[in-house]
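# Structure at a glance
Here is how the chains run, residue by residue.
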Amino acid sequence: MCIKTSSSGSSKKTSVTMRSSTTTSPSTTGSRARGEWQEDENEATTKTKYSKGGKAAATTTKMVPSTHSLHKRETKYDLWIFLAPALLWKLTPILPVYVTGITRILSTRILLTLHYIFCDKDNYQNKLTQKQLRREKEDYLVGIVLHMWAQVALQLIFPSMFFSDASLIKSCALQTLLSHVLVVEPLYYAAHLWLHIPEHMKSMHGFHHLSIHTLPSTSLVQNFKEHFVYIATFGPAFLLPFFLGGAQHWTVIASYLVLFDIVNAFGHMNIRISNPMWIGKWSPLRYLFYTPEFHLGHHAYFRANYGLFMPIWDFLFGTHRDYKKPDPDLLPAQQQDFVFIGHNGGLGHLLTCPEFSVYNVYDKYVRTFLPLQVEFLLVHVACLVCRLFLKSYRLSRYCINGKKIGRIICVLRTPVDYIYPSRYKGVNKEILQLIKDENKKFGTRYFGLGNLNKMKQLNDGGKVISDMVKCDPELKDRNIRVWTGDTMTAASVYNQIVEIPGIKDVFYIGANGKIGNAVCNLITKRRPDLKIKIFSSYQSISHPNISYTTDLAEMLNYKIVVTGKIIPGHKYTKAFKMAKMNNVPNKTRFVLDYTVPFIPIDVRQFPEIKHVPIGLLQVNSKSFLRGHFDICMSHDQDHIYPCHAGCIMNAHEGRETDEVGDIDLDEMEAMWKRALNYGFQNRIIDYKTNHHSQDTATKA
């Protein structure tokens, strides 16, 4: 489509000329998709000046500012807005309203889950950004709730429109289908063209087109004002049968809206259909019903394929363009070189699983109003049920430096299993069985142990697992390697501390642990000027620069506090309260916390304290790691826990020794240097302004 603009005085006229149907090769689609949208973002109307000879001398551009996403939507009242129509139950039946709305929500969630499992889970080339997921999560159900309110209004104004005799349902359904084909389809085509006029694109429709890589639910994500355009556009499908035929029924309307959502979501799925019955030149389906590639072509080109579900209108008006979804060029599906063995981290962890909602994968682990013990019990019961059908839980695979494939696989164990020693033997056996299964099926030799799967009480920091592998008849000759990644974690924490400008002393909680012990020992070796106060009754390190205390309130005497141990919140509260009562001045400004999961400390008594997660690396290289290596971990996109990163580095480098037991200090330093070369780095913390920030290069 060509847009030509002429001007005369202060008035402007725009003429639009459509190109005939064309085919564009996949190699050009990616760059042109972003290129054309960039043009739409920066050029709304143009004015060309001509020289005396009639040739164009210069072109100036008048900007049309984007307004479709100027305001961040407030979401905390969404549940109340959803429930509010129930207050009108005395005025009109609300059951049809909620049956329709809830069915639409459930069908959308089911489609999202199925699309992740069968389309996106192992496609490491198609990574959705945290920014897109957050934006869509806030808006994908807005249209459904608006339609619920519209239904309430229509039920009050035209009650017979929803409650005609049940014997007329069949005829109402047929009339609704005809109204959609004959009225809604061409009306939508015209409305969609109108929405692509630059001013309307900037104010409304551009919000939808921010999603280059789409999900099924992207079909529901619109600017708020645009929802009313669609209510007017799709309304005739069920309004015309009532006004012209005198009858309509709420079950027909509900069915239409649910089917509409499903078909609309189908057009936003990342799947390819190559059957000639669908895309053949002489096939009626090519013109009467679209494929995902037809609408994905609209998201790629922006100026083609405007039709709703019937491409015939684009063929008639010359706006059709063929689009072939590029081959993702993935490594073989059976390739799996490395497995990082995780476990469930509680109810909040369960809610971040993409099968539950892909929109939650970068969310922080949330706490409910229930006591932590009750949450643990609930998620434990859920895992017991899952164990009836599954042996483990597999996350998305990811690519390491373009050559190897890694994946996180969780044993179906919860925090309850790591609390009680009587369960330790069973957990270790399950880890060993997972190693057997993955080696037998995929030939995987490299395995990393995540978080509690390597705790000292469970298996002596991975030593027990390493010994079990070496003694197992099936695995002892398979050259299986077991790593904890703790060397990398210790290196990350050490460098985070010693790189603090002007640091002279630090208060350390959890220094007697494996990581803390290695960090303190390396500090005494490399930084003899740095004093450490350890909160512990057990003195594991004897050194002139290290002292101990059992009074947690002493942390307030230090600007920097480092913690590698989860301490119950009430102990912090008690220490802070005692300090307040004794008028102890607070010097603490930063609590640097590398515990997993990160649990915020209540610092309301001393709001000047910033509780900051560390032991978390930014991934700056877009080529070394590709795919969803960073989901379900309660941290932001393109971040990774050092133990996971260390195991990935071992797999990439082909390390043929186990990494279990105590940490080698020399290896800590060598591994950190290699990590920097791979594009890993610690989070950047501004110790002057008391804010932590991320390198702009890693932002989505």
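### Observations concerning the overall build of the chain
- A count of helical and extended segments in the chain gives 25 helices and 23 strands.
- Put simply, of all contacts in the chain between residues at least 6 apart along the chain, 71% involve residues at least 24 apart.
- A total of about 33,100 Å² of accessible surface is found on the chain, and carbon and sulfur atoms cover 61% of it.

### Section: the sheet that holds strand β10 (residues 446-449)
- If you walk across this open sheet you meet the six strands as β11-β10-β7-β9-β8-β19, and the pairing is mixed. What marks the edges here is a single partner per strand, and that holds for β11 (481-483) and β19 (625-627). Strand after strand, the sheet turns through a mean of 30° between neighbouring axes, direction not considered.
- Sheet analysis places strand β7 (residues 338-343) next to β10, joined by four bridges and oriented parallel. Along β10, the bridge assignment pairs V339 with F447.

### Thoughts on the side chain of T92
- Along the chain, T92 turns up in the loop between α2 (78-83) and α3 (95-120).
- In terms of polar contacts, T92 uses its side chain to reach the side chain of Q155, at 2.8 Å.
- Those residues in contact with T92 that lie beyond four places of it in its chain are V152, Q155 and L156.

### Notes on the pattern of salt bridges
- Scanning the model with the defined rule gives 32 salt bridges in all.
- Across the salt bridge formed by E293 and R272, the nearest N and O atoms sit 4.0 Å from each other. One end of the pair, E293, is in helix α13 (residues 292-301); the other, R272, is in the loop between α10 (250-266) and α11 (276-279), with 21 residues separating them in the sequence.
- For E293, a relative accessible area of 7% translates into the label buried.

### Let's talk about the nonpolar core
- Ranked by size, the top nonpolar core spans 81 residues in total, and within it Y508, L592, L625 and F680 carry the most contacts.
- In terms of residues, this core owes the most to one element, helix α21 (residues 486-498), which gives seven residues.
- Leaving out residues up to four positions away in the same chain, F680 has contacts with L617, Q618, V619, F624, L625, I640, A645, M649 and A675.
- Judged by nonpolar contacts, the second largest core, of 27 residues, contains V184, A237, A254 and F266.

### Points about unusual backbone geometry
- Following V596, the chain continues to P597 via a peptide bond in cis, the omega torsion being 0°.
- Residue position: P597 is located in the loop between β16 (590-593) and β17 (610-613).
- Of note in this structure, F302 is not a glycine but carries a positive phi near 70°.
- In this structure, F302 sits in the loop between α13 and α14 (312-317).
- A residue is classified by how much of its surface remains accessible, and F302, at 0% relative accessible area, is buried.

### So, the pairing of strand β13 (residues 531-535)
- Looking at chain direction, strand β12 (residues 505-509) and β13 are connected through five bridges and run parallel. Counted as the bridge partner of V506 is I532 from β13.
- For the crossover from β12 across helix α22 (residues 514-526) to β13, the handedness is right-handed.
- When β13 meets strand β14 (residues 546-549), the two strands line up parallel, connected through four bridges. Looking at β14, one finds that F535 is bridged to T549.

### A short note on a nonpolar patch on the surface
- On the surface, Y77, L79, W80, I81, L83 and W149 cluster together into a nonpolar patch covering about 660 Å² of accessible area.
- Its location among the elements puts W149 in helix α5 (residues 142-157).
- The class of W149 is partly exposed, set by a relative accessible area of 35%.

### Some details on the confidence of the model for the chain
- Residue-level pLDDT values for the chain average 88, and 88% of them are 70 or greater.
- Scored below 50 in pLDDT, residues 1-63 shows 97 contacts in the model against residues more than four places distant or in partner chains.
- Counting contacts from residues 691-700, a segment whose pLDDT is below 50, to residues more than four positions away or on other chains yields 27 contacts.

### Observations concerning the side chain of H115
- Note that H115 resides in helix α3.
- When its relative accessible area of 3% is taken as the criterion, H115 is described as buried.

### Quick look at the pairing of β10
- The side-chain alternation of β10 yields two buried faces, one formed by Y446 and G448 and the other by F447 and L449.
- Pairing between β10 and β11: three bridges, direction parallel. Opposite F447, over in β11, you have V482 as the bridge partner.

### Topic: the packing of helix α7 (residues 198-209) against α13
- The N-to-C vectors of α7 and α13 enclose an angle of 120°; their axes lie 10 Å apart at closest approach. The angle between the axes of α7 and α13 places the two elements in the oblique class. In the crossing of α7 with α13, the sense of the turn from one axis to the other is left-handed. Touching H205, H208 and H209 of α7 are H295, H298 and H299, all from α13.
- Considered class by class, the residues forming the contact of α7 with α13 number no nonpolar, six polar and no charged.

### A word on the packing of aromatic side chains
- The final tally for this structure, using the stated rule, is 35 aromatic pairs.
- Considering the side-chain rings of F82 and Y98, the 5.4 Å spacing of their centres and the 90° angle between planes classify their relative orientation as edge-to-face. On the criterion of sequence distance, the pair formed by F82 in helix α2 and Y98 in helix α3 is long-range, its members being 16 residues apart. In this structure, F82 and Y98 share a single accessibility class: buried.
- The ring centre of F207 lies 5.1 Å from the NZ or CZ of R135, which sits over that ring.
- Here the guanidinium or amino end of R321 rests over the ring plane of Y301, the centre of that ring lying 4.0 Å away.

### Some remarks on the sheet that holds strand β18 (residues 617-619)
- Ordered by their spatial adjacency, three strands build an open sheet running β20-β18-β21, and the pairing between neighbours is antiparallel. Edge positions in the sheet fall to β20 (639-640) and β21 (680-682), since each of these pairs with one other strand and no more.
- Pairing geometry for β18 and β21, over three bridges, is antiparallel. By the bridge assignment for β21, Q618 is matched with Q681.

The rules behind the values
Numbers given for residues are sequential positions, taken from 1 along each chain in its written order. A pLDDT threshold of at least 70 governs which residues receive local features in this predicted model, and a stricter bar of 80 or more applies before side-chain atom pairs are shown or counted, although totals over entire chains, interfaces and linings include all residues. Derived side-chain values reflect all non-hydrogen atoms in the structure, with water molecules and hydrogen atoms excluded from consideration. Elements are defined by DSSP. Helices are runs of H or I of four residues or more, strands are runs of E of two residues or more, and each kind is numbered from the N terminus. Here, two residues are considered to be in contact whenever any of their heavy atoms come within 4.5 Å of each other. Computed with a 1.4 Å probe, the accessible areas rest on the Shrake-Rupley method; for each residue, only the protein chains presented here act as cover. Strands are treated as partners if at least two bridges between them are detected by DSSP. In this analysis, axes come from line fits to C-alpha atoms, helices being fitted only over the stretch in contact, and the angle between any two N-to-C directions falls in the range 0 to 180 degrees. Pairing of N or O atoms within 3.5 Å defines a polar contact, subject to two protein rules: one partner must be a possible hydrogen donor and the other a possible acceptor, and residues neighboring in sequence count only if both atoms are side-chain atoms. Any Lys or Arg side-chain nitrogen located within 4 Å of an Asp or Glu carboxyl oxygen qualifies as a salt bridge. Exposure categories follow from relative accessible area, calculated using a 1.4 Å probe and restricted to protein chains: below 20% of the type maximum is buried, above 50% is exposed, and the middle band is partly exposed. The set of buried Ala, Val, Leu, Ile, Met, Phe, Trp, Tyr and Cys residues whose side-chain atoms join them within 4.5 Å is what this entry labels a nonpolar core. For the handedness criterion, the strands are oriented away from the viewer, and a crossover whose path from the first strand over the helix to the second runs clockwise is classed as right-handed. Surface patches are drawn from residues lacking salt bridges whose relative accessible area is over 30%; two like charges belong together within 9 Å, two nonpolar side chains (Val, Leu, Ile, Met, Phe, Trp, Tyr) within 5 Å. A score between 0 and 100, pLDDT records how confident the predictor is in each residue. Convention used here: angles under 35 degrees read as roughly parallel, angles over 145 as roughly antiparallel, angles from 65 to 115 as roughly perpendicular, and any remaining angle as oblique. Here a crossing is called left-handed whenever its near helix is offset anticlockwise from the far helix by less than a right angle, and right-handed whenever the offset is clockwise. Think of it as three bins: nonpolar holds Ala, Val, Leu, Ile, Met, Phe, Trp, Tyr, Cys and Pro, charged holds Asp, Glu, Lys and Arg, and polar takes everything else, Gly as well. We call Phe, Tyr and Trp rings a pair once their centres come within 6.5 Å, taking the six-membered ring for Trp, and we label the pair stacked below 30 degrees between planes, edge-to-face above 60, and tilted otherwise. As a reminder, the over-ring test applies to NZ of lysine and CZ of arginine, requiring each to be within 6 Å of the ring centre and within 35 degrees of the ring normal.

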